[in-house]
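Listed here are the chains, written in short residue letters.
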Amino acid sequence: MSDMVDPTRMPFGQLERTALAEVLASGQLWRGNGAGWGSRHDSAADSVADRLEDAFARRLGVPYAHAVNSGTSANEAAVAGLGLEPGDEVICPAACPAFVPFAVLAAGCVPVFADVDPHTLLLDLDAVEAVAGERTRAVVAVHLWGLPAPMAEIMAMARKSDWKVVEDCAQAFGTLIGGRPVGTFGDACCFSLQQSKHITSGEGGIFATTDPDTYARAVLYSSAGVPHFRFGLPVQSKPEGSIGRGHIAFGHNHRIGEMQAAVALAQLNRLDEFNRRRTELVALVEEELARRGGVVRGLRPIADAEVSYWRYPVLVPAGRGSFQEVPYLEQAFQRMEAERRTPFGLPLPKHVTYAPGSCPRAERGAARVRVLSVHHGLSDAELLDSVDAALADL
Ligand SMILES: *Cc1c(COP(=O)(O)O)cnc(C)c1O
């Protein structure tokens, strides 16, 4: 694909190598076990995952962060953290990666797709209103390509309706609205550390929140129900004389490993450097688009946004787009539509549909959008070549 970067050019340097070597030398490849994450064989030492969570929370300006083994796991932690009931409905944008509604299904809830703004492919407030119902309990806002969803409006609607809000920031490390980082507007947020994202440990993810109960539920979900709480949250001790390891709730094992955490922490320390380079590349792309004139133009961010682009989306003539992420068109959702139930056997309510055509603006929009790489590993010449290749047929 034209927007992929040769992985050998990925800018991993001395910082990442040293961090990895230290983990191997420590003899600990996992973050630990016991009450809280702290009790390792060297019980005085914080795990690298602890340090990653501390640094991430500090950078975002929130009290709680929890690192996990993938961005999808972080999406799941965020939805699980809301404490919803089975069958509750969660509104998702009709243009976003399938990982987003999958996390809703994993929580035992029903994803309901709202159509998007045709100009930005981001969540549209009127469309959200149109699909909201009795069982709506939450909304997932996705900051696609780094472009922020309109959080002020989304939060106003959610507070009025008593809904929770998750912000999916997997593509928006460093994006600001009114000077405030995305991820700090909603009740919970999630980031991905997968290979293609702003910073990466190959696979990995981080969940964050300002609410201790949301944090606690997310940690239980991600660590097989064992209360590995940090940030000063009390860890209940096992009842006197009880047999067992201390699983106080159902959960998955979505723990992050120390090697992943070490690379992620080194990359987090380089995020500003990467984003400075991305800003230069975005300026080059915009110059190049202006120079070409014609039909291709960038998508306009909301007022007040400082966009940290993951990829640079452009509008192209109708039918010439190559954006693929309208999740209900995936076979997984078509099967649910045919069987009228979720993969875990929950019946789909009558008013919920995944039928093709149900969110026409997302479907038309996908056929009008292409994305250009602005990866920080690219040279100027490589960037211009990749723009050429991506738009050659227009
Ligand atoms: C990448 C991504 C995810 C999933 O993250 P993984 O680390 O690939 O599991 C979820 N949401 C969005 C918006 C993403 O871009």
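Model, not experiment: these values are computed from the prediction. (Residues numbered from 1 in each chain as written. Predicted model: local features only at pLDDT ≥ 70, side-chain atom pairs only at ≥ 80, totals over all residues. Heavy atoms only, no water.)

**Student:** Let's hear about the packing of helix H2 (residues 48–60) against helix H8 (residues 258–268): which residues, and what values?
**Tutor:** With their axes 8 Å apart at the nearest point, H2 and H8 run at an angle of 30° to one another. Relative to H8, the element H2 lies roughly parallel. Crossing angle aside, the handedness with which H2 passes H8 is left-handed. In contact with Val48, Ala49, Arg51, Leu52, Ala55, Phe56 and Arg59 of H2, H8 contributes Glu258, Ala261, Ala262, Ala264, Leu265 and Leu268. (Axes fitted to C-alpha atoms, helices over the stretch in contact; angles between N-to-C directions. Helix = DSSP H or I, 4+ residues; strand = E, 2+ residues; numbered from the N terminus. Parallel < 35°, antiparallel > 145°, perpendicular 65-115°, else oblique. Left-handed = near helix turned anticlockwise from the far one by under 90°. Contact = heavy atoms within 4.5 Å.)

**Student:** If you had to explain the site of the ligand to someone new, which residues and values would you point to?
**Tutor:** Surrounding the ligand, one finds 15 residues, the nearest of these being Thr72, Asp168, Gln171, Ser192 and Lys197. One nitrogen or oxygen atom from the side chain of Gln171 is found 2.8 Å from an oxygen atom belonging to the ligand. Among the elements of the structure, helix H3 (71–81) and helix H4 (99–106) are those that each provide at least two residues to the shell around the ligand. Class assignment for the residues of the shell around the ligand results in 5 nonpolar, 8 polar and 2 charged. (Near = heavy atom within 4 Å. Polar contact = N/O pair within 3.5 Å; in protein donor to acceptor, adjacent residues only side chain to side chain. Nonpolar A, V, L, I, M, F, W, Y, C, P; charged D, E, K, R; others polar.)

**Student:** I'd love a proper account of empty space enclosed by the protein, names of residues and values included.
**Tutor:** Considering all chains together, one arrives at 1 cavity of 30 Å³ or more under this definition. Quantified by volume, the largest cavity comes out at close to 30 Å³. Around the largest cavity, the lining residues are Val62, Gly183, Thr184, Gly186, Asp187, Ala188, Cys189, Ala208, Thr209 and Thr210. Considered class by class, the residues forming the lining of the largest cavity number 4 nonpolar, 5 polar and 1 charged. (1 Å grid on protein atoms, 1.4 Å probe; cavity = no way out; pocket = protein on both sides within 12 Å on 5 of 7 lines; lining within 4 Å. Points joined across faces, edges and corners; volume = space filled by probe spheres on them.)

**Student:** I'd love a proper account of the packing of helix H9 (residues 271–292) against helix H12 (residues 380–391), names of residues and values included.
**Tutor:** The N-to-C vectors of H9 and H12 enclose an angle of 45°; their axes lie 10 Å apart at closest approach. With respect to their mutual orientation, H9 and H12 come out oblique. The hand of the H9/H12 crossing is right-handed. On the side of H9, the interface is formed by Arg277, Leu281, Leu284, Val285, Glu288, Leu289 and Arg292, while H12 contributes Asp380, Leu383, Leu384, Val387, Asp388 and Leu391. For the contact of H9 with H12, the class distribution of residues is 8 nonpolar, no polar and 5 charged.

**Student:** Please set out the pattern of salt bridges residue by residue, giving values where relevant.
**Tutor:** One pass over the full model with this rule turns up 23 salt bridges. In this structure, Arg137 engages Asp88 in a salt bridge whose closest nitrogen and oxygen atoms are separated by 3.8 Å. Of this pair, Arg137 sits in strand S4 (residues 136–142) while Asp88 is found in the loop between H3 and strand S2 (89–93), placing the two residues 49 residues apart along the sequence. Ionic pairing is found between Arg292 and Asp388, a salt bridge with its closest N-O pair at 2.3 Å. Of this pair, Arg292 sits in helix H9 while Asp388 sits in helix H12, placing them 96 residues apart in sequence. With relative accessibility at 33%, the residue Arg292 sits in the partly exposed group. Taking relative accessible area as the criterion, Asp388 reaches 40% and is therefore assigned partly exposed. (Salt bridge = Lys/Arg side-chain N within 4 Å of Asp/Glu carboxyl O. Buried < 20%, exposed > 50% of the residue type's maximum accessible area, 1.4 Å probe, protein only.)

**Student:** An account of the environment of Met155 is needed here, citing residue identities and associated values.
**Tutor:** By the secondary structure assignment, Met155 is in helix H6 (residues 151–161). On the basis of relative accessible area, Met155 is assigned to the buried category, the value being 9%.

**Student:** Residue-level account of the packing of aromatic side chains, with values.
**Tutor:** Overall, the coordinates contain 13 aromatic pairs when judged by the stated rule. Judged by centre distance (5.3 Å) and plane angle (65°), the ring pair of Trp145 and Phe323 falls under edge-to-face. Here Trp145, found in the loop between S4 and H6, pairs with Phe323, found in the loop between strand S12 (311–315) and helix H10 (331–339); they are 178 residues apart in sequence, far enough to count as distant. Residue classification places Trp145 among the buried residues on the basis of a relative accessible area of 2%. The buried category is assigned to Phe323, whose relative accessible area is 14%. Where Tyr309 meets Tyr312, the ring centres are 4.8 Å apart and the plane angle is 40°; that geometry is what we call tilted. Using a relative accessible area of 4% as the deciding quantity, one classes Tyr312 as buried. Three or more aromatic residues joined by ring pairs make a cluster, and in this case those are Phe102, Phe113, Tyr328, Phe333 and Tyr354. The ring centre of Phe231 lies 4.8 Å from the NZ or CZ of Arg230, which sits over that ring. (Phe/Tyr/Trp six-rings, centres within 6.5 Å; stacked < 30°, edge-to-face > 60°. Lys NZ or Arg CZ within 6 Å of the ring centre and 35° of its normal.)

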